Amino acid sequence: MKKQYVIPIFVPHLGCVNECTFCNQRKISGQMKNVTVQDVKNTIESYLDCLKDKNAYKEVAFFGGSFTGIDVELQNQLLGAAYEYIQAKKIDGIRISTRPDYIDKQTLKRLKKFKVKTIELGVQSTNDYILSKCKRGHTYQDVKKASHLIRWFGFTLGHQMMVGLPESTRLDELNTARELAKLKPKIMRIYPVLVIRGTQLEQEYRNGEFEPLELNQAVEICKELSQFFERKRIKVIRIGLQSTDTIIHPEKAGSEVIARSIS
Ligand code: SF4
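Residues numbered from 1 in each chain as written. Predicted model: local features only at pLDDT ≥ 70, side-chain atom pairs only at ≥ 80, totals over all residues. Heavy atoms only, no water.

**Side note on the packing of helix H3 (residues 72-87) against helix H4 (residues 105-113)**
- Direction vectors running N to C along H3 and H4 enclose 25°, while the axes themselves pass 10 Å from each other. With respect to H4, the axis of H3 lies roughly parallel. Two secondary-structure elements touch here, H3 through Val72, Gln75, Asn76, Leu79 and Tyr83 and H4 through Arg110, Leu111 and Lys113.
- A per-class count over the contact of H3 with H4 returns 4 nonpolar, 2 polar and 2 charged. (Axes fitted to C-alpha atoms, helices over the stretch in contact; angles between N-to-C directions. Helix = DSSP H or I, 4+ residues; strand = E, 2+ residues; numbered from the N terminus. Parallel < 35°, antiparallel > 145°, perpendicular 65-115°, else oblique. Contact = heavy atoms within 4.5 Å. Nonpolar A, V, L, I, M, F, W, Y, C, P; charged D, E, K, R; others polar.)

**As for H3**
- Taking 1.5 Å per residue as the helical rise, H3 with its 16 residues ought to reach 22 Å, and the 21 Å between its terminal C-alpha atoms agrees with that figure.
- Along H3, the sharpest kink reaches roughly 25°, centred on Ala81.
- Considered for burial, the residues of H3 that qualify are Gln75, Leu78, Leu79, Gly80, Ala81, Ala82, Tyr85 and Ile86.
- The inward-facing, buried residues of H3 abut helix H2 (37-50), strand S2 (57-63), strand S3 (93-98), H4 and strand S4 (116-124).
- Where H3 ends, the next residue or the one after it, Lys89, has phi of about 60°, a positive value. (Expected span 1.5 Å × (residues − 1). Bend = angle between axes of the 7 residues up to and from the residue. Buried < 20%, exposed > 50% of the residue type's maximum accessible area, 1.4 Å probe, protein only.)

**What about the pattern of salt bridges?**
- For the structure on display, the rule yields 9 salt bridges.
- Note that Arg95 and Glu120 form a salt bridge whose closest N and O atoms lie 2.8 Å from each other. With Arg95 in strand S3 and Glu120 in strand S4, this residue pair connects regions lying 25 residues apart in the sequence. Here Arg95 matches Glu120 in class, with each residue buried.
- The partner of Glu202 in a salt bridge is Arg206, with the nearest N and O atoms 2.9 Å apart. Remark: Arg206 and Glu202 occur in helix H8 (residues 200-206); sequence separation between them is 4 residues, near one turn of the helix.
- Ionic contacts of the salt-bridge type, sharing partners, join the residues Glu59, Arg95, Glu120 and Arg189 into one network. (Salt bridge = Lys/Arg side-chain N within 4 Å of Asp/Glu carboxyl O.)

**Let's talk about the packing of aromatic side chains**
- Using the criterion set out here, one finds 5 aromatic pairs in the structure.
- Both rings, one in Phe10 and one in Phe63, keep their centres 5.9 Å apart while their planes meet at 40°; by these two values the pair is tilted. Remark: Phe63 occurs in strand S2 and Phe10 occurs in strand S1 (residues 4-10); sequence separation between them is 53 residues.
- Exposure remark for Phe10: the relative accessible area of 30% places this residue in the partly exposed category.
- Seen from the ring of Tyr102, Arg99 lies directly overhead, with NZ or CZ sitting 5.4 Å from the centre. (Phe/Tyr/Trp six-rings, centres within 6.5 Å; stacked < 30°, edge-to-face > 60°. Lys NZ or Arg CZ within 6 Å of the ring centre and 35° of its normal.)

**Brief notes about the side chain of Thr199**
- With respect to the helices and strands, Thr199 occurs in the loop between strand S7 (194-196) and H8.
- By relative accessible area, Thr199 is classed as buried at 5%.
- If we skip the residues at most four places from it in the chain, Thr199 touches Thr21, Phe22, Cys23 and Asn24.

**Observations concerning the side chain of Thr21**
- Structurally, Thr21 can be placed in the loop between S1 and helix H1 (25-29).
- We classify Thr21 as buried; its relative accessible area is 0%.
- Not counting chain neighbours up to four residues away, the residues in contact with Thr21 comprise Lys133, Cys134, Lys135, Thr199, Gln200, Leu201 and Glu204.

**Describing the nonpolar core**
- Among the nonpolar cores identified, the biggest contains 52 residues, and Ile44, Phe62 and Ile119 are the most heavily contacted of them.
- Top element by residues in this core is H3. It accounts for 6 residues.
- Counting 14 residues, the second largest nonpolar core, distinct from the first, contains Cys20, Phe210, Ile258 and Ala259. (Core = buried A, V, L, I, M, F, W, Y, C linked by side-chain atoms within 4.5 Å.)

Okay, structure coming up:
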């Protein structure tokens, strides 16, 4: 089997008018400026230069924010920059992540033209009460609709869920996993909640209204969820946010994490 490489390009908060209580995308990605076409090309070039296995499967991934919520002109420019490398046979595919309520047929037709292969949806929970508590601005119904459309158009479907959200219990999280498995994603990311500076969750935490999971609780539920997805043949490709210069242990200098349950 070919080795796989992901070339990550972060588009923090671009296209997102939402204010999920746990989110501060610029701080999560460690990136404060918006992405340009030149940034896309520079990132791809620098990754391609460093790759040891030139025959590996290479995918450019637009992470963060809500890709399909970006101004369509800019989306097309960013995708077009990556697509040039597909045409030149230097990369094999494109992956994006977005919100369930930013998916429709027209958008999917457009993404197909740029050879986008994988679409990851930020789901977080399938419980509408929990979704509204963290101000997600979409419902589980939106997740079902978007997931069906994505698969119907022939994309690889990915889901992202969170554990330890306000008022979410272990049972809610197991139930989210069961509901998502029915929608047949191929890949899954599981994110234990981090309390990030500048978010509403920070205020709730400081006011004593929110308590993050203990480390051992987060590990246990992530283990349980991973085993469940493994039984369903859904690949868990990530547990926990990637460390950056600022997403590090709360006690380290420069950390934007106020409290955490897992590293
Ligand atoms: S939709 Fe995504 S990018 Fe926007 S605020 Fe929520 S988590 Fe952050």
